[in-house]
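So you can see what is in the structure, the chains are spelled out below.
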Amino acid sequence: MKKFLSVILALVMVLSLTALFVGCDSDTVGENETTAGDTNAATDAGTTAPDETEKPVLKMGTNAYFQPYEFYEGEKIVGIDAEIAAAIAEKLGMTLEIVDMEFDSILTAVNEGSVDFGMAGMTITEDRLLEVDFSISYANGVQSIIVKNDSPIATADDLSAEGATYKVGVQLGTTGDIYATDDFGSDRVTTYSNGNEAVLALAGGSVDCVIIDNEPAKALVAANEGLKILDTAYANEDYAICVKKGNSELLDKINAAIMELTEDGTIAGIVAKYIK
Ligand code: ARG
């Protein structure tokens, strides 16, 4: 009972803090904002949920060029992260607002407080843990290598072979960028604002391969002729939500929500909708 009360108290504190926070909303980072849709809240018969407009806003920072986790369907940002985040917000009694920005701006936006949390197929890394706190992981990722169908690159080892000069395209600030720069040196790595641009550079011959997470890699290969994904993975990773360092009130709520949404199958259902 005591625990229950303290959970309620913490929730009230998060809600009132967020309400305060949302009140001074002038310095939003990012070009585009959208509210994530499909939580089905409005369609559930008999729900007594308060009017969406009365709920406090929970702001998520993302980079919406990362199908199937976050991407545009018309004006709206959809995807696995968008839907899981909407389900989390619903559990917190809040309305999700998604702010699209460069991937490498997300940690700063979280720490400056222009968004409440970051969710972007973001990998937990030691370095990022110095800057922000991460939730429990809600998904796994694999860094994959995309090449042209007729590429001489057959495995990840070919990239690091003695004398290899292959050029690698990555999205700026991603783990693909960080690992490739460590392994092959910055001279061989070209950074792009998103995976699409990196893949266009590959198709145009400016780079010899693109290192990017496996599910976005599949979407990019499906959307562009003449490309394939190598069978050998480059790295395995865990995705999580990040919050401002020390914001354990919000983090605890997010973790509790992720656990519940895992246990009741909601997360698996969302993933299955996007990854066949
Ligand atoms: N998992 C990789 C990382 O954390 C790539 C994430 C890129 N996400 C995005 N929404 N563009 O660095």
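Note: the structure precedes this text.
These remarks concern the structure in this document.

What counts and how
- Residues numbered from 1 in each chain as written.
- Predicted model: local features only at pLDDT ≥ 70, side-chain atom pairs only at ≥ 80, totals over all residues.
- Heavy atoms only, no water.
- Pairing = 2+ DSSP bridges.
- Helix = DSSP H or I, 4+ residues; strand = E, 2+ residues; numbered from the N terminus.
- Axes fitted to C-alpha atoms, helices over the stretch in contact; angles between N-to-C directions.
- Parallel < 35°, antiparallel > 145°, perpendicular 65-115°, else oblique.
- Left-handed = near helix turned anticlockwise from the far one by under 90°.
- Contact = heavy atoms within 4.5 Å.
- Buried < 20%, exposed > 50% of the residue type's maximum accessible area, 1.4 Å probe, protein only.

**Looking at the sheet that holds strand S4 (residues 70–73)**
Here's step 1: Spatial strand order, S3-S4-S5: 3 strands in an open sheet with antiparallel pairing. The sheet terminates laterally at strand S3 (65–66) and strand S5 (76–78), the two strands that pair on one side only.
Here's step 2: As judged from the 2 bridges shared by S3 and S4, these two strands associate in the antiparallel manner. Each residue of the ladder has a partner; that of Tyr 65, found in S4, is Phe 71.

**Notes on the packing of helix H2 (residues 80–91) against helix H9 (residues 248–263)**
Here's step 1: Two numbers describe how H2 lies on H9: the axes approach to 10 Å, and their chain directions differ by 115°. Taken together, the axes of H2 and H9 are roughly perpendicular relative to one another. Where H2 crosses over H9, the handedness of that crossing is right-handed. Residue-level contacts link Ile 84, Ala 87, Ile 88 and Lys 91 of H2 to Ile 254, Ala 257, Ile 258, Glu 260 and Leu 261 of H9.

**Points about the environment of Ile 106**
Here's step 1: Note that Ile 106 resides in helix H3 (residues 106–112).
Here's step 2: With relative accessibility at 0%, the residue Ile 106 sits in the buried group.
Here's step 3: In the structure, Ile 106 is positioned 12 residues away from Gly 118 in sequence and 6.1 Å away in space, judged by C-alpha atoms.
Here's step 4: Excluding anything up to four places from it in sequence, Ile 106 contacts Gly 61, Thr 62, Asn 63, Met 101, Gly 118, Ala 120 and Met 122.

Any functional reading would require information beyond the geometric quantities listed.
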